[in-house]
Amino acid sequence: AVPIVATLDLHAHVTAQMVRHADALLAWETYPHRDAFTTGQRGARMLADILDAKIRPTMAMAKVPVITSAIHGSTEGDDPFAHIMRQAKTFEARDAVLSTSAILVHCVLDQPGMGSGALVITDDDMALAVELASELARDFWARRFDLEPQV
C-alpha cells in the first residue's frame, strides 16, 4: 500500500473519510499562520518514517459542534484556542504520540459534519489516540463560550 500523508490548515474541515483513508494528517500549529513550511517538513519526516518502517501511525479525530470565528483563535497569548493548542502540543512529549493537531474549523464553510476538535497520531496505539483526541475535544467544548467574540 502507498502511504498517504497530508498537511492541513488548522481551520480545515476534517472528515471521517479523510481520517480513514490517510495514514497521517498534520495541521499547521500557528494562527496567524507562519508554519506552512515547517508543517510540510513534519509531514515529509512522517512519510519517510512510514516508508522506512520506523513507525505504524494510528490516527483518531474527535470533534464537537463548535463552529466559531477565529477572533479568539490565535495560537499565541491567552486566547482560548492558544490554551487548546498548547495542551495538544504537550501530548507530543509522550513516547507513543507522533503528532497532535488542534482544529478550529473555518466558520464560513458549509459542509455536513463540521466541528472543531483534535487529530492525534500515535505509533500503533489507537486507544491512546482516541483518549487524547477526546480529551482535547472536551476542552474545546468547555471553552466554547470563550471562543465566541464579545459584542
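Residues numbered from 1 in each chain as written. Predicted model: local features only at pLDDT ≥ 70, side-chain atom pairs only at ≥ 80, totals over all residues. Heavy atoms only, no water.

1. Focus on the sheet that holds strand β5 (residues 116-123)
We apply this condition: Note: two strands are recorded as paired if DSSP finds a minimum of 2 bridges between them. Helix and strand definitions follow DSSP, with helices as H or I runs of at least four residues and strands as E runs of at least two, each counted in order from the N terminus. Axes here refer to lines fitted to C-alpha atoms; in helices the fit is confined to the stretch in contact. Angles between the N-to-C directions go from 0 to 180 degrees. By the convention used here, residues are in contact when the closest approach between their heavy atoms is within 4.5 Å.
Spatially, the 3 strands line up as an open sheet ordered β3-β5-β4, and their pairing is antiparallel. Two strands bound the open sheet, and with one partner strand each, they are β3 (57-64) and β4 (97-103). Ignoring strand direction, the axes of neighbouring strands in this sheet form an average angle of 10 degrees. As paired strands, β3 and β5 are joined by 8 bridges and run antiparallel to one another. Its bridge partner lying in β5, Ala62 is registered against Ala118. Against the sheet, helix α4 (residues 126-142) makes contact with β3, β4 and β5, and its axis sits at roughly 25 degrees relative to β3, the strand it touches most.

2. What about the nonpolar core?
Convention followed: Definition used in this section: a nonpolar core is a set of buried Ala, Val, Leu, Ile, Met, Phe, Trp, Tyr and Cys residues joined via side-chain atoms within 4.5 Å. The buried label goes to any residue with under 20% of its type's maximum accessible area, the exposed label to any with over 50%, and the partly exposed label to all in between, with areas taken from a 1.4 Å probe on protein chains only.
Within the largest apolar cluster, 39 residues are counted, with the highest numbers of intra-cluster contacts made by Val14, Leu25 and Phe81. Looking at this core, the elements that each hand over two or more residues are β2 (24-27), α2 (36-51), β3, α3 (80-91), β4, β5 and α4. With 7 residues, α4 is the largest single contributor of residues to this core. When near neighbours in sequence (up to four residues on either side) are disregarded, Phe81 contacts Leu10, His72, Gly73, Ser74, Thr75, Ala102, Ile103, Leu104, Phe140 and Leu147.

3. Topic: the environment of Ser101
Our working rule: Counted as a polar contact is a pair of N or O atoms within 3.5 Å, where, for protein atoms, one must be capable of donating a hydrogen and the other of accepting one, and residues adjacent in sequence contribute only when both atoms are in side chains.
Here Ser101 is to be found in strand β4. Remark: the alpha-carbon pair of Ser101 and Gly117, spanning 16 residues in sequence, is separated by 8.5 Å. Looking at Ser101, its side chain comes within polar contact range of the main-chain nitrogen of Ala27, at 2.9 Å.

4. Observations concerning the environment of Arg94
Take Arg94: it is sitting in the loop between α3 and β4. Excluding anything up to four places from it in sequence, Arg94 contacts Leu128 and Leu132.

5. Quick notes on the side chain of Thr100
Along the chain, Thr100 falls in strand β4. Apart from residues lying up to four places away in sequence, Thr100 is in contact with Ala88, Lys89, Phe91, Glu92, Leu119 and Val120.

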